[in-house]
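Architecture at a glance
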Amino acid sequence: MVHAATPPEDVTRDSYIQTPVETPRHDPFTLNNRVVVITGGARGLGLVMGQGVIHAGADLAIVDLNYEEAEAQTHQLVAGFKKQNPSATRIPKVTAHRADVSDPASVEACIAEILSQHGKIDSLVTSAGFTENFDAVDYPIDRIRKLWGVNVDGTYMFATGVAKHLMERNSAGSMVFIGSMSGSIVNVPQPQTPYNASKAAVRHLAASLAVEWAHANIRVNCISPGYMLTALTEKILNEKPDLKQAWVSRIPQGRMGVPQELMGPVTFLLSDASSYVTGADIRVDGGYTVV
Ligand SMILES: NC(=O)c1ccc[n+]([C@@H]2O[C@H](COP(=O)([O-])OP(=O)(O)OC[C@H]3O[C@@H](n4cnc5c(N)ncnc54)[C@H](O)[C@@H]3O)[C@@H](O)[C@H]2O)c1
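Given the structure is predicted, the values throughout are model-derived calculations rather than measurements.

The next subject is the nonpolar core. If you look at the biggest cluster of nonpolar residues, it comprises 32 residues, and the most contacted ones within it are F158, M175, F177 and V220. Those elements giving two or more residues to this core turn out to be β2 (59-64), α3 (104-118), α4 (141-169), β5 (173-178), α5 (193-213) and β6 (218-225). When residues of this core are assigned to their parent elements, the largest contribution, eight residues, is made by α4. In contact with F177, other than residues within four places in its own chain, are T126, T155, A159, V202, L205, A206, L209, V220, N221, C222 and I223. If you look at the next biggest cluster of nonpolar residues, it comprises 29 residues, including V36, I62, I223 and L270.

All right, on to the site of the ligand then. Taken together, 24 residues form the shell around the ligand, and within it R43, L45, D64, Y195 and K199 come nearest. For the ligand, a nitrogen atom lies 3.0 Å from a polar atom in the backbone of V101. The contact in question runs from an oxygen atom of the ligand to an N or O atom on the backbone of M228, over 2.9 Å. If the ligand stood free it would expose 830 Å²; the protein chains cover 90% of that surface. Counting atoms within 2 Å of the grid points, the majority share of the ligand lands in the largest pocket. Residue assignment for the shell around the ligand shows that the elements contributing at least two residues are α1 (44-55) and α5. Residue classes in the shell around the ligand are distributed as twelve nonpolar, eight polar and four charged.

Between its first and last C-alpha, α3 extends 21 Å over 15 residues, near the 21 Å set by a 1.5 Å rise per residue. Among the residues making up α3, those that are buried are S106, V107, C110, I111, I114 and H118. All buried residues of α3 lie within an arc of 130° about the axis, which places them on one face of the element. Of the residues in α3, the exposed ones pointing more than 90 degrees away from the buried face are A105, E108 and S116. Where α3 is buried, its residues meet β1 (35-39), β2, β3 (94-98) and α4. Capping the start of α3, D103 holds a side-chain oxygen 3.2 Å from the backbone nitrogen of A105, two or three residues further along.

This paragraph deals with the sheet that holds β3. Strand order in the open sheet formed by seven strands is β3-β2-β1-β4-β5-β6-β7, with parallel pairing between adjacent strands. Both outer strands of the open sheet, β3 and β7 (281-284), are each paired with one neighbouring strand and no more. For this sheet the average axis-to-axis angle between neighbouring strands, irrespective of direction, equals 20°. The pairing of β1 with strand β4 (residues 123-126) spans four bridges and is parallel. Bridge pairing in β4 places V37 opposite L124. Here α3 sits on the sheet and contacts β1, β2 and β3; the angle it forms with β3, its principal contact strand, is near 160°.

Attention now goes to the layout of surface pockets. A probe matching the size of a water molecule, rolled over the atoms, marks out where space remains unfilled. Put simply, the largest pocket is a space of about 1,400 Å³. Lining the largest pocket are 45 residues, with G129, F130, T131, Y195 and L232 sitting closest to its centre. Elements that contribute at least two residues to the lining of the largest pocket include exactly α1, β2, α4, α5, α6 (231-239) and α7 (241-248). When residues of the lining of the largest pocket are assigned to their parent elements, the largest contribution, four residues, is made by α6. Along the lines of polarity and charge, the residues of the lining of the largest pocket split into 20 nonpolar, 17 polar and eight charged. Of the volumes computed, that of the second largest pocket is approximately 280 Å³. Looking at the second largest pocket, the residues that line it are P104, V107, E108, I111, A112, L115, M157, T160, G161, K164, H165 and E168. At the level of secondary structure, the elements contributing two or more residues to the lining of the second largest pocket comprise α3 and α4. A breakdown of the residues in the lining of the second largest pocket according to their chemical character gives six nonpolar, three polar and three charged.

Calculation rules
- Residues numbered from 1 in each chain as written.
- Predicted model: local features only at pLDDT ≥ 70, side-chain atom pairs only at ≥ 80, totals over all residues.
- Heavy atoms only, no water.
- Core = buried A, V, L, I, M, F, W, Y, C linked by side-chain atoms within 4.5 Å.
- Buried < 20%, exposed > 50% of the residue type's maximum accessible area, 1.4 Å probe, protein only.
- Helix = DSSP H or I, 4+ residues; strand = E, 2+ residues; numbered from the N terminus.
- Contact = heavy atoms within 4.5 Å.
- Near = heavy atom within 4 Å.
- Polar contact = N/O pair within 3.5 Å; in protein donor to acceptor, adjacent residues only side chain to side chain.
- Areas by Shrake-Rupley, 256 points an atom, 1.4 Å probe, with all protein chains shown as cover.
- 1 Å grid on protein atoms, 1.4 Å probe; cavity = no way out; pocket = protein on both sides within 12 Å on 5 of 7 lines; lining within 4 Å.
- Sits in = over half its atoms within 2 Å of the grid points.
- Nonpolar A, V, L, I, M, F, W, Y, C, P; charged D, E, K, R; others polar.
- Expected span 1.5 Å × (residues − 1).
- Arc of directions from axis to C-beta.
- Pairing = 2+ DSSP bridges.
- Axes fitted to C-alpha atoms, helices over the stretch in contact; angles between N-to-C directions.
- Points joined across faces, edges and corners; volume = space filled by probe spheres on them.

As far as function goes, none of this settles anything; it's purely spatial.
Right under this line is the structure:
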């Protein structure tokens, strides 16, 4: 059998040796001159990813249902940046915007507001989302619709709104949807079927839009975190040590993740370092989903 990669017989080994290529002149991981929008960026994973992107050089628009918290965090983020970079000549612009990502009119108005303040959008991270636990037979349908409205419709509507802007500008862009390992596995012991389905949808939205928008140079990827220790999960788990033990016992790395561990993956996916990566799902879960 002839393998597809077998070179033609008239090609000598020397004629196809790969020579070193020119290395990029700029840092491929930089987000300099980019405007990044993060939904659900007022707290938790979205907030810490926002911290990561401004440290990589971006300006940031925080979108959240909770405007007050988002607004307060803009000051904290800039103060933190200045403290860590006392000699920086460029201070990131960080703005706060209120939106309910499950409401089309709210999403449209929010994108217009961001454009009026930043002039453009280059990248999007969709972290707005939530989970809740109900046995499937008892889950009220209006709550399921709310959950899917935020986790799925919200991701879709923000992504399409930003894609329209990028296409009108004829500009390349990169998006990262925050899914969950729950989109690939079923968590135990807590019952959360609609959440798991919503995160499977988020992952496949990323893959499908990546293919649909590749022609426009818009990359779309997914990050699927495992159990991450945010202020919120920490508070819940401190009251339920047995649950924490049940979770951690299934994680090969033997611990929950911390939000800072998403800074590298999100910066990589938004930057030119991942220019040939689209439609991918990066699982940041300490190995949970591979055992
Ligand atoms: N924390 C984890 O362990 C974990 C693991 C896997 C995936 N995730 C996913 O990561 C994302 C962030 O989770 P988190 O733990 O940081 O949650 P969080 O509750 O700390 O933060 C979510 C943010 O989204 C905002 N938000 C909620 N509904 C909104 C809406 N309709 N419109 C605009 N903003 C809205 C909230 O106000 C909040 O600021 C979620 O999509 C979640 O499913 C979290």
